[in-house]
Every structure is written in structure tokens, then in C-alpha cells.
Amino acid sequence: MGVNSSKGFNFRLMASGSNGFEQLDTFQDENILVSDNVTGLFDLGVLPSDFTRQIQIPGTKRNDAFFQHVYDIAVENPYLFRTNVKVPAYFDFDGIYISQGYLQLNQVNVYANKFVESYEISIYGGLSSFGRDINRYYLTDLTSSLSAYNHTASYENISASWGGNLFDGQIVYPLAEYGQKIIYSPEENLFGIDAPDGALAVQDYKPSIRLKTVWDAVFEEFGYTYSSSFFDQDWMDNVYMICNNKLRYPVIDEYDLESYGLFKISPISGSGTDVLMNAGNDLLLEWYNIQRNPANSIEPDLTYNLDFPSRLRGNLNLDFEVSASSAGGGIPQFYLDIQDVTGSVVSTTDLVNYNSYMGDVQIYNNGETKTEKFELLTEFNTELLQSGSYKFYLRYEELGGSNFTVTVNPGASTKSYLQVTKVNQGGDNAIMEIAPNMPFGTSGIKLIDFITAVQKKFNLVIYPNKTKQREFIVETFNNWYNAGEIKNFNRYINLNDKITVTPANNLAVNELQLGDKLDNDYISQQFNKLNNREYGKTYYIDTENFFSQGQYKVESGFASTPITYLAGTGVSGSAVQGGFGFSAQAQAVTEFTSTASARGYIKYGTEFIVDAFAQVFTPGATSVDNDPNSGYTPRTIAEGQTITFGFVGTGISDEYDFSVIRDTVETYLDSGTDDATFNYVITSTDVAATTCYFVVRARSGEL
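Computed from a prediction, not measured in an experiment: that's the story for all the values here.

Looking now at the pairing of strand β28 (residues 471-476). Burial within β28 is extensive, with five of its six residues counted as buried. Summarising the sheet, strand β12 (residues 225-227) and β28 pair through three bridges and their orientation is parallel. Pairing of Tyr226 across the sheet is with Phe472, part of β28. Here strand β27 (residues 460-464) runs beside β28; their pairing, made up of five bridges, is antiparallel. Across the sheet, the residue bridging to Val461 is Glu475, located in β28. Counting the residues that bridge the hairpin from β27 to β28 gives six residues, and of these Arg470 lies at a positive phi of roughly 60°.

As C-alpha cells, then:
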């Protein structure tokens, strides 16, 4: 709409001065173009976006007084003034259109070096000014407005978030794959998330934050407000953004979790090769080829430094030869030992995969040891290490005989390697700051791109409140359109000018595409390849309008978030009503020694019995078997039931006080697919001579 005061359309330029809003003098011949169309409402980062105009106003007594007060213009030197001052201002077009915004002084024009002829100013619409304010900043810059959601990274806070108990649900920790290679494996495999050795740690969880919370933070950070019935809808509480700034792990101040504590070493030919091991003795892994050491965690002499208590997870690839020296069925059983600087063994890791494999080899060889070469790879988890300095050792024990020798890296082989891939307790109890963890992309995500992406995602319009400074109205396009009014502009149209009318249907496009950006994550890429379309994208083809042509693409700016099952979880495996499982050993029997513990789970609808008996093994004594096979009443788990596991009589003499064995009470959750877990823990060393067995017997379903 073009407005010229000489044609009878009166407008006033109002600006905030010393006495509130003051009317400034104009030349009365300005041609002011204003826009309140769909383009301006949607394309926040594109001009006119409400409007941005440059005009000149005269140097009058009224204007001189205003600019001298607001911009500190000296009469004797009008070329010096404060250039970055934004003054609230608005146009009033006969009361029909009032546009809130800001005025900024660009230039002062002086006549004959004696007095001010005119002032050159820019008028920014409110929305355009908002866009300028946020255009230089990124999501990671919301440090002030998001600081209220900083918290401790801990198991307690992560699990509390699942019930909406962390900041009233503003922050939730989803189970998501960020490159940690999360797997759910069969129970005999030690390194899936269904087993302690492969369990997830605190650092494996990144927070997600409600979309509306971030939206509010952008406005709050820069001193703006908005009103919107759209964001007040209940379902918006379930729309979250994952705080996925980097690769596998969240960002914390103390350490770079992507690299801290990680290394990979291997032998150099002539050093650490052709090494003959001695049974029962620790062999220092003198593998001086440091292939990876991003945080300088391992020194040139292979001393490993750890700054906080943690378990280590890694891989050991071992190239070795077993040489039979005589007939017999002996096999090696390997252990990874870690010693501190005093030479004390502080951690012993049973390399179960190696040892089970060697047992299978002997079965295949009919119990005879053969001279063979092996290259075996296993994942491992160490015991808890305190902060300190350590070195790594390999040890083997003889099983079934001593008729063999073990040589590491035979024939000058350099295939072996030791690799730490994760410091499990990295980030535990660190401060989780939300702003540094906000999505960053490849070069940062600007706040203006975030706001625009939300607009496009939900088909929103945003426009300034025409009566309140620094406030906007946000609503859906349909609501905005339906609330429109009919205004008669006939008296402002110059009928002597050429008028062009374009039929609306000629502006229609033939194809409409709606969707998000294609992410580079594995699932999105595979979906795209399999279905020949991007995840979440919708296409509309106009087959009725003969004159429609071209394509219009609406891309929100967000990446799609496809959800997939982890193999073995959900409906794909474990969550079966009435199922039963036990995590410790087959046959649902767990062997306990002093201070040991184990876990099991029982599904909703499973009828079960918990029995306990003990076998006492003392030198020269006959073992005592107590087999509780009768007299127990089956119990069935009911939804919401509190389960208490008790112990039946054991028949053991008083010297073995089973009061030191305690049970754990767990409340069953409200879904037929959830597990009720229980723990049995021996809490006293008084039963060190006793091997305790707890038997859980299912009365329906398979063990």
C-alpha cells in the first residue's frame, strides 16, 4: 500500500522523547510503503517483514529539540551523535493502520554549515527490529534465559525426568542413539544394554527441552513478549528438542567426553612381540605404538592417568599362540589386570569371551591341547578405578592342566591392540548446562532461523501488537486470516493511475511440498533409500486447476526425528505379557557369594514362586542340600501391585544366619510391558563359607 499525504491520507510519525510520545514534523510529501501481507508475516528474516524504511524529515525547532535530547547532538557540532540509539516509534495512518517499531538516526544534513536542514532516519517495524536483534545470535547463546534449567547430570535426575519430575517436565532425558552403538543383545552376551557390562551410563543420556521453553527463552533473552493461544495448547507440552550439540555425549565444562581417557595402543615389532607368558604372572603390555591419544591420557611410558573414579570400557584384540608341550587338556584363562604406581593390582577383569571360546576349542579338540594360533577380540569393562595413574597387564591361569605355553604376538606380529573406548563415569554429577548443549548443526543455528522454523513447522504468523511496545501476537495462519476485517480504501486510490488486476488462480502452484530437512542420521538416510522419499515429507499435486504451475516448497528448518526399536526391546522382543526372565544364570538359579548381588525380572501376569536354599561347603564336610519343592503358594503379579520377595525356611543350622540376606521391595508399574525388578543382596561377610542359591520358579510360561 503506497501512502502519500498530498493525496489526502494523513499520517503521523510518533517517537518517544522526553515527554512521552511526540509527533515529529515531516515534509508532508513522503511516499510511505507499508506491508502487512503473508510474506511479511512468514518470512521473519526477509525484508520488508513488517517494514523497514528510510526517510528524511526537516530540521525544525520541534525536531531539533527531539534529536538533541535523544541523540546528544551538539548545536555547534551536529556531526557527532550517538548512532546506536533505538527510539520507540510508530506510524499512525488515520487510525486505520498503526505500526509499532523503532526509529534510528542515520545522518544529519547541515545547510551552509549553519543549521540543520534535515535528518535522515530509518524506521524499523517491530517485527523487523526483533529479527535484527536475534539475527546475530545462536541457540547456544541463550545462557541467561535457559540457566534456570541447568542441573546435575545424575541417575536420579535422569530417571526423575521420565515421570515429568525434572523442572515439571520441561527437561526429559530420552533413550536415543547418538553414536554410542547401543544394542540390546541376548542375555548370554555380556555387552548389551540388558546386561551390567554393557549398561548405559549417565553420559549416554542427553537432555531434551520443550520447544515452547526455547521459544519463550528467545523472547525473554531480548526483552520481548508475545501472546498466543496456539502455544497454550496442552499437546505443546509433548513437543521437545533434543539438546544434541555434539557427537556421542553431552557438553560439560570439566571434560570433553568425546575424547577424555580414550587411547589405542599396539605393539611395535621387536617390542611387545614374541613374548612368552608365565602362568599366573602379570605381563606388562609394552605396546608403545600409541595409535590414538586425543586427550593425552596415556603417557609415552604407557602410564594411564585418570582424574576421577570410573570404570573403563574398551576392546582388547589379542594375537597369541598356544603351544602344546605334552599330552593333556590344559587351556589358558585370560585376565586383564590393572596395577597402580605402587605395583598393586587394583582391577582384575575376567575376559569371559576369550575364556569361553578357549573352552569351546578344547571341546572341539576332544579335550586335547593342540598348538594353534588365535586372534581374538573382546570388549571389556574394568572394575572401579580411583583417580590416579595405572598400567595395564595381561595374565593367564591354567585350566585342565599345565601342558602348554602361551606366546603373545608370535612371529613379530603387531595385530594386537588395547583400546579404551569409554570412561563410564565421565560426566557423572557434573553440571548439565542447557545452553551449551543446544543444537548447533555445522556452523551454529541462529535464533532467527529457529523462530522461522517454528513458524513454518506449525503454519504460524507473527506480527507486532499495534498498541503494546515489544510485544507480538502469534497465531495460526487460519485463525489470523479468519479474524480479518474488510476495510474500504477506495478514497485513497488514484483512479487516474494505471490499475493492474491479476486473477488469484494464476498465482496457484501445481505442486506443494511440506516437510522437514533430511537429517544425516542413519535411520533417516535408510528410510530415504528404502522409500525414495524423505521421512515425514508430504506432497500435494493440484489436478483440478488447469492454469496452476510451478512448485512451492515449505521446509521447516527442523530435522526429522524418526523413532525405531532397538532390537530385542519393545514389541520386538522383551516386552511380552506373561513372560519371565532372570538375568544371572540359566535355569533361573543364581549363585551368590559374600557381598554378591544379582537381578531378575518378572512380567505382569506371570505366576511365580521365590524359594531359597543353601549348600554349605566346608573342607571334609558333606554338602547339605535343602530342596524346597513343596508347600509354596503360587503368586500372580497384578497391575500396580507392590511385590515383596521373602525367603522360605532353609533348614540351615543357626551358625549360618540368613537374617543378613535382605530382600528389596519394588512397586510394579502400570503397564503390562514393564518389568518388576528385584535384587537379592548378601550384606555380610559372615556367610563367606556359604554358597547361597535363590530359585525363582515360574508357574506359567517359560523360564
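What follows covers the pairing of strand β25 (residues 417-423). The side chains of a regular strand alternate between the sheet's two faces. Across the seven residues of β25, six count as buried, placing the element largely inside the fold. Pairing between strand β14 (residues 263-266) and β25: three bridges, direction antiparallel. Each residue of the ladder has a partner; that of Phe263, found in β25, is Val420. Relative to β25, strand β19 (residues 312-324) runs antiparallel, the two being bridged by six bridges.

A word on helix α5 (residues 211-221). Inspection of α5 places Leu211, Thr213, Val214, Trp215, Ala217, Val218 and Phe219 among the buried residues, and these make up the whole buried set. The first or second residue beyond α5 is Gly223, which carries a positive phi of 75°.

What follows is about the pattern of salt bridges. In the structure shown here, the tally under the stated rule is seven salt bridges. Here Lys422 makes a salt bridge to Asp204, at a shortest N to O gap of 2.4 Å. Residue Lys422 is located in strand β25, and its partner Asp204 is located in the loop between β10 (171-172) and β11 (208-210); the two are separated by 218 residues in the primary sequence. Asp204 matches Lys422 in its accessibility class, with the two residues each being buried. In this structure, the salt-bridge partner of Arg395 is Asp337, at a minimum N-O distance of 2.7 Å. Taken together, the residues Arg395 in strand β23 (residues 388-399) and Asp337 in strand β20 (residues 331-340) connect sequence positions 58 residues apart.

For the rest of this paragraph, the subject is the nonpolar core. Note that soluble globular proteins tend to have their nonpolar side chains buried in a common cluster. Residues Leu211, Trp215, Phe219, Phe231, Met438, Phe450 and Val454 are the most contacted members of the largest nonpolar core, which totals 46 residues. Put simply, the parts of the chain that give this core at least two residues each are α3 (126-134), α5, α7 (447-458), β27 and β28. For this core, the element with the most residues is α7, which contributes seven residues. Leaving out residues up to four positions away in the same chain, Phe219 has contacts with Phe130, Tyr224, Thr225, Tyr226, Ile451, Ile462 and Phe472. Ranked by size, the runner-up nonpolar core spans 41 residues in total, among them Tyr304, Tyr354, Leu394 and Val406.

Two strands in a sheet stick together by hydrogen bonds in their backbones, pointing the same way (parallel) or opposite ways (antiparallel). Within the open sheet, the three strands sit side by side as β10-β11-β13. Their pairing is antiparallel. Every interior strand has two partners, whereas the edge strands, β10 and β13 (240-242), have only one. The pairing of β10 with β11 spans two bridges and is antiparallel. When the bridges of β11 are listed, Val172 appears paired with Ser208. Where α5 meets the sheet, it contacts β11 and β13, and its direction lies at approximately 70° from that of β11.

The rules behind the values
- Residues numbered from 1 in each chain as written.
- Predicted model: local features only at pLDDT ≥ 70, side-chain atom pairs only at ≥ 80, totals over all residues.
- Heavy atoms only, no water.
- Buried < 20%, exposed > 50% of the residue type's maximum accessible area, 1.4 Å probe, protein only.
- Helix = DSSP H or I, 4+ residues; strand = E, 2+ residues; numbered from the N terminus.
- Pairing = 2+ DSSP bridges.
- Salt bridge = Lys/Arg side-chain N within 4 Å of Asp/Glu carboxyl O.
- Core = buried A, V, L, I, M, F, W, Y, C linked by side-chain atoms within 4.5 Å.
- Contact = heavy atoms within 4.5 Å.
- Axes fitted to C-alpha atoms, helices over the stretch in contact; angles between N-to-C directions.

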